Structures are given as C-alpha cells and as structure tokens.
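# A structural walkthrough
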Amino acid sequence: MSDQSQNKTHPNKSRRSFLSGGVAVAGGVAATALGARAAVAAAPDPLITEIQEWNQVLGDGVDAAPYGVPSEFEADVVRRDVPWLTADPISSINFTPIHQLDGIITPNGLCFERHHGGVAQIDPADHRLMINGLVDNPLVFTMQDLMRFPRENHVYFLECAANSGMEWRGSQLNGCQFTHGMVHNVMYTGIPLKLLLQEAGLKSNAAWLLPEGADASGMTRSVPLDKALDDCLVAFKMNGEALRPEQGYPIRLVVPGWEGNMWIKWLRRIEVGDQPWHHREETSKYTDLLANGKARRFTWAMDVKSVITSPSPQMPITHGRGHTVLTGLAWSGHGRIKRVDVSLDGGRNWQTARIDGPSLSKSLHRFYHEFNWDGSEMYLQSRAIDEFGNVQPTKNELRAARGDNSIYHNNGIQTWQVRTDGETENVEIS
Ligand SMILES: Nc1nc2c(c(=O)[nH]1)N[C@H]1C(S)=C(S)[C@@H](COP(=O)(O)O)O[C@H]1N2
Ligand SMILES: [Mo]
C-alpha cells in the first residue's frame with residue numbers, strides 16, 4: 001500500500017498529529033518506525049497542500065441511507081465462502097472476515113452463516129413456538145406471548161463445531177477468515193429458556209430437550225435439560241436489533257459455549273423427553289471417529305482456542321520493519337480467558353499478550369501484542385488459557401489424542417509464517 005492510498009482513508013489532520021506527536025514523545029521504537037514516514041512527509045503532499053473535493057462540496061443529507069451501511073471504501077469487508085467446500089448455496093457455509101474486525105463484537109451483517117436448507121423467511125405474526133412432551137401443560141407461544149416474559153442480555157460467541165476442521169490433517173486454507181471464521185460474537189437479548197419450561201411445567205422424569213427449526217431442514221438436536229436450565233436463551237435480538245433472517249429470525253436458541261449446531265435457528269418446537277434422541281446430528285454428524293474405531297459423541301463444549309487475526313495471510317505486513325501491532329481473538333466455551341501467550345518464533349519463546357476490552361464468560365476476547373519487527377522471518381503462534389486452567393493444545397497433541405479422522409473440535413495452535421517481505425502464509429510446525 002503506498003503512502004498516498006493510505007491518506008485516502010485517514011483524515012490528514014489526525015495523521016499529521018500522529019506523526020509529529022509520535023516522534024516527539026516516543027522512544028526508540030516509534031522514532032525508528034516513523035523515521036521513513038517523516039522524510040516522505042517533508043516533500044509537498046497535495047493531499048495536505050490542496051483543498052480536497054470532499055472539503056468543498058456538500059455531502060449526502062440524512063435521508064440518503066435510512067438504514068446505514070459501511071463506507072464504500074470498506075467494500076471488501078464481507079463474508080466469503082470456499083467454493084469447493086459447498087457445492088450449492090442452500091446447504092452452505094460462509095465465513096466471518098475476522099481478519100478485518102477489531103474489538104470483540106461481530107457486526108450483524110458480517111456474522112458467518114451456516115444453514116442446511118437455506119434461509120427461512122418467516123413473518124413473526126405467523127411464527128409459533130411449541131413446548132410439548134414431558135410437560136404438565138403443552139403450550140404454544142406467539143411472538144406477542146414471548147415478549148411478555150422477562151429478558152436478559154448476554155454477549156456470547158457461537159462457533160461451528162467444524163470451525164478449523166479442514167485444517168485437522170495439515171494446513172490448507174490461506175487466511176484466518178477461512179481457517180477460523182466460523183465464529184461470531186454478538187449481544188443477545190432473549191428469554192431464559194428455564195422460564196418457558198417452568199411455564200409448561202416439567203414432569204419429574206424430564207431430562208432432555210429436542211429443539212426443532214422451522215426451516216426446510218427442520219433441524220433438531222438433543223440438548224440435556226441441565227444446560228437448558230443453566231444458561232440457554234430463546235433470543236430475538238442480536239446487537240440490539242432483530243435477529244437477521246440468516247441467524248434465525250424471529251427466534252433462535254442460544255446455547256452458550258456449546259457447538260453452533262445446537263443453536264437451533266427459526267426455533268418452532270421444543271420436545272421434552274427422558275433420554276436423548278439419536279438423529280443425524282447425534283450420530284453421522286458431530287461425532288469424531290477415533291483411531292481405535294470408537295467415536296466420541298456429545299462433545300458439546302467448544303474448548304479453549306485462539307488465533308492471530310493480524311498479521312495473517314489476508315493481512316500481511318505492508319509497512320516494513322519497525323513498530324508492528326499483532327492482534328487476535330481468544331475464547332473458551334467453559335468461561336473467561338485468563339491469559340493469551342504469543343510466540344514469534346514458532347513456540348520456542350512465549351510472551352504474555354495484552355487482553356483488551358470486556359472479559360466476558362463464553363465470549364470472544366481481544367488480545368494485542370505490540371513489538372518491533374526487525375524484518376526477519378517469523379512463525380507467529382498464540383496460545384490461550386481459560387479461567388479453569390485449560391490450555392490450548394498444539395495440533396500434534398490433538399492428533400496424538402484423537403487420530404487423523406477428526407473434523408470437529410479442532411482448537412489446535414495455528415501458525416502463520418511471516419516472510420521477510422511481510423507476506424504471510426498458513427503453515428504447520430512439526
Ligand atoms: N434450523 C436450523 N438451525 C441451525 C442450522 C440449520 O441449518 N437450521 N445450522 C446450525 C449450525 S451447524 C450452526 S454452526 C449454526 C450457525 O449459526 P449462524 O448461521 O447464525 O452462524 O446454526 C445452527 N442452527
Ligand atoms: Mo455448524
């Protein structure tokens with residue numbers, strides 16, 4: 001990226017004060033990093049000396065976008081898919097552009113989508129939620145009924161169990177959007193599921209739930225009752241506004257910390273039973289075939305995990321050596337993240353990264369590591385540790401425990417190779 005193209009997205013004023021302020025107050029690191037820039041700035045720069053067009057003509061009025069959209073200069077910040085992974089757009093996946101985001105909240109329009117029968121378009125006036133099975137009073141709720149229950153707000157990540165699954169046998173996809181982008185993190189507004197179950201009255205032998213979607217796939221998944229009574233929500237808002245159709249409008253199940261598959265979208269029915277159902281999602285899917293021929297099942301919680309989002313293959317280092325900001329995401333389905341370690345040399349030496357922003361249970365955490373890049377090759381890794389002492393494993397440790405056949409629950413440490421020219425690639429260290 002040239003200096004000029006950078007100026008287009010940075011207001012001149014703040015860039016100037018950054019340059020002069022940075023050199024004046026900072027020590028060796030900033031002065032070295034910014035030395036080259038200061039020399040460039042000494043030549044007349046028309047972006048500073050000329051009055052720009054946008055400074056002379058009136059802009060759009062308030063009616064231009066009744067629902068706001070991002071700047072046209074952000075047009076490449078979009079969900080993307082991997083064509084060979086999904087044969088058709090109906091039973092499909094796309095990926096959150098986590099390499100281009102910051103903080104911990106995923107904007108609604110960028111949350112990855114996974115659906116098995118396309119996006120159901122449902123008028124909330126026509127939507128019903130039924131609770132039946134082992135209950136005293138089978139009930140049907142309209143949306144209006146649901147709006148009269150007490151609600152709560154919580155920020156939770158949703159990670160598909162297959163996130164990073166294509167990387168199990170070795171590095172494959174070149175970008176964290178594709179290796180780690182089946183995750184999003186939003187604030188849900190919803191009704192504790194416990195309240196709706198209490199309204200129906202649970203029979204004494206009630207032990208399992210089978211939530212079901214109203215989409216063409218009619219997806220179902222067995223959920224243990226303890227989890228439902230603990231922290232599940234029937235959510236109708238994400239980041240303050242209605243769920244997007246692709247996220248399950250008008251209501252979805254929120255199953256904090258557990259695999260995305262259980263978060264039934266377009267939720268229409270919850271059957272209460274005394275044992276789990278063994279449907280497709282409990283048998284041929286969402287189980288891991290081990291080396292000894294047995295399969296792991298009911299692996300609900302998403303284990304402690306992290307990834308460096310920049311630098312990364314889609315976010316190479318373009319500014320040359322000197323002051324460099326490394327950033328990434330960490331999360332655990334068990335609770336909060338306590339610490340994130342970062343290595344620049346493929347796991348030989350580790351330093352503690354700086355976690356910034358809210359540290360919430362079962363939510364993404366943002367970490368940073370600022371360092372002075374000397375221009376040599378690096379092997380970047382991050383390793384998260386949660387509040388219960390769970391440590392993110394290496395990919396070799398995972399394969400030693402689970403063999404080569406797994407797809408789901410790959411929380412192994414990711415390596416990015418940064419070359420001397422700043423280009424970055426997905427690699428594995430053996
Ligand atoms: N009704 C229904 N619910 C569903 C699905 C679906 O296809 N239909 N897909 C599941 C899977 S596998 C995942 S990972 C999450 C994805 O949620 P998202 O599309 O909001 O990212 O929804 C789950 N809930
Ligand atoms: Mo999923």
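Here we come to the overall build of the chain. A count of helices and strands for the chain gives nine helices and 23 strands. Taking 22 Å as the expected radius of gyration for a compact globule of 430 residues, we find that the chain reaches 24 Å, a close match to that expectation. Each of the three principal axes of the chain carries a C-alpha extent, and together these read 80 × 60 × 40 Å. Residues classed as buried in the chain amount to 50% of the 430 residues present. Contacts spanning at least 24 positions in sequence make up 71% of the contacts within the chain whose residues lie at least 6 apart. Here the chain contributes 41 positive and 49 negative side-chain charges, whose respective centroids are spaced 4 Å apart.

Once that is clear, we can look at the site of ligand 1. Ligand 1 sits among 22 residues. The nearest are Phe112, His116, Asp215, Arg252 and Lys265. Taking Arg114, its main chain carries an N or O atom lying 3.0 Å from an oxygen atom of ligand 1. Contact distances for ligand 1 include 2.5 Å between an oxygen atom and a side-chain N or O atom of Lys265. Protein contacts shield 100% of the accessible area of ligand 1, which totals 540 Å² for the unbound molecule. A breakdown of the residues in the shell around ligand 1 according to their chemical character gives eight nonpolar, eight polar and six charged.

Enumeration over the complete set of coordinates arrives at nine aromatic pairs. Pairing Phe141 with Phe149 gives two aromatic rings, centres 5.8 Å apart and planes at 80 degrees, and the pair type is edge-to-face. Here Phe149 falls in the buried class, since its relative accessible area comes to 15%. By way of ring pairs, the aromatic residues Trp208, Trp258, Phe298 and Trp300 are connected into one cluster. In this structure, Arg383 is placed above the aromatic ring of Trp350, and the distance from its NZ or CZ to the ring centre is 4.1 Å.

This part covers helix H9 (residues 395-402). Residues of H9 that are buried include every one of Lys395, Leu398, Arg399 and Arg402, and no others. Projection of H9 onto a plane perpendicular to its axis shows the buried side chains occupying an angular sector of 95 degrees, all on one side. Away from the buried face of H9 by more than 90 degrees, exposed residues Ala400 and Ala401 are located. Each element contacted by the buried residues of H9 is listed here: strand E13 (288-289) and strand E14 (295-296).

With that settled, the discussion passes to the sheet that holds strand E20 (residues 365-373). Read across the sheet, four strands follow the order E15-E16-E20-E19 without closing on themselves; strand pairing throughout is antiparallel. Every interior strand has two partners, whereas the edge strands, strand E15 (305-310) and strand E19 (354-356), have only one. Pairs of neighbouring strands in the sheet enclose a mean axial angle of 35 degrees, with direction left out of account. In this structure, strand E16 (residues 322-331) lies alongside E20, joined through nine bridges in antiparallel fashion. Residue pairing in the sheet places Ala330 in a bridge with His365 of E20.

So, on to the pattern of salt bridges. Taken as a whole and assessed by the stated rule, the structure comprises 23 salt bridges. The shortest N-O distance in the salt bridge between Asp231 and Lys362 comes to 2.9 Å. Here Asp231 is found in the loop between helix H8 (225-230) and strand E9 (233-238), whereas its partner Lys362 is found in the loop between E19 and E20, with 131 residues between them in sequence. Since its relative accessible area comes to 12%, Lys362 is described here as buried. In this structure, the salt-bridge partner of Glu428 is Lys395, at a minimum N-O distance of 2.7 Å. In this pair, Glu428 is assigned in the segment after strand E23 (424-427) and Lys395 in helix H9, connecting sequence segments 33 residues apart. Residue Glu428 is classed as partly exposed on the basis of its relative accessible area, which comes to 28%. Within the structure, one salt-bridge network assembled from shared partners comprises Glu212, Arg268, Arg269 and Glu271.

Once that is clear, we can look at the environment of Lys395. For Lys395, a relative accessible area of 8% translates into the label buried. Residues Lys395 and Ser382, spaced 13 residues apart in sequence, show a C-alpha to C-alpha distance of 12 Å. Every residue in contact with Lys395, bar those within four places of it in the chain, is listed here: Glu167, Gly170, Ser171, Asn410, Gly412, Ile413 and Glu428.

This next bit is on helix H7 (residues 193-200). Looking at H7, one finds that the buried residues are Leu193, Leu196, Leu197 and Ala200. Projected down its long axis, H7 carries its buried residues within an arc of 100 degrees, all on one side. Of the residues one or two after H7, Gly201 is the one with positive phi, at around 80 degrees.

Core analysis: the biggest nonpolar cluster contains 59 residues, and Ile131, Leu193, Leu196 and Leu209 have the highest contact counts within it. With five residues, E9 is the largest single contributor of residues to this core. If near-sequence neighbours (up to four positions away) are discounted, Leu196 is found in contact with Leu129, Ile131, Phe141, Leu146, Phe149, Ile191 and Val234. One finds Leu326, Ile337, Leu380 and Trp416 within the second-largest nonpolar core, a separate group that totals 26 residues.

On to unusual backbone geometry, then. Here the amide bond leading from Tyr249 into Pro250 is cis, since omega sits at 10 degrees, within 30 degrees of zero. Assignment of secondary structure puts Pro250 in the loop between strand E10 (241-242) and strand E11 (252-254). Backbone torsion omega between Ser310 and Pro311 reads 0 degrees, so that peptide bond is classified as cis. One can find Pro311 in the loop between E15 and E16. Even without being a glycine, Ser164 presents a positive backbone phi close to 70 degrees. With respect to the secondary-structure elements, Ser164 resides in the loop between strand E5 (152-159) and helix H6 (176-180). Look at His409: it is not a glycine, yet its phi comes out positive at around 60 degrees. Its place among the elements puts His409 in the loop between H9 and strand E22 (415-418). Look at His409 and you get buried, because its relative accessible area is 4%.

What counts, and where the lines are drawn
- Residues numbered from 1 in each chain as written.
- Chains lettered and ligands numbered in written order.
- Predicted model: local features only at pLDDT ≥ 70, side-chain atom pairs only at ≥ 80, totals over all residues.
- Heavy atoms only, no water.
- Helix = DSSP H or I, 4+ residues; strand = E, 2+ residues; numbered from the N terminus.
- Rg over C-alpha atoms; globule rule 2.2 N^0.38 Å.
- Buried < 20%, exposed > 50% of the residue type's maximum accessible area, 1.4 Å probe, protein only.
- Contact = heavy atoms within 4.5 Å.
- Lys, Arg positive; Asp, Glu negative; His and termini not counted.
- Charge placed at Lys NZ, Arg CZ, Asp CG, Glu CD.
- Near = heavy atom within 4 Å.
- Polar contact = N/O pair within 3.5 Å; in protein donor to acceptor, adjacent residues only side chain to side chain.
- Areas by Shrake-Rupley, 256 points an atom, 1.4 Å probe, with all protein chains shown as cover.
- Nonpolar A, V, L, I, M, F, W, Y, C, P; charged D, E, K, R; others polar.
- Phe/Tyr/Trp six-rings, centres within 6.5 Å; stacked < 30°, edge-to-face > 60°.
- Lys NZ or Arg CZ within 6 Å of the ring centre and 35° of its normal.
- Arc of directions from axis to C-beta.
- Pairing = 2+ DSSP bridges.
- Axes fitted to C-alpha atoms, helices over the stretch in contact; angles between N-to-C directions.
- Salt bridge = Lys/Arg side-chain N within 4 Å of Asp/Glu carboxyl O.
- Core = buried A, V, L, I, M, F, W, Y, C linked by side-chain atoms within 4.5 Å.

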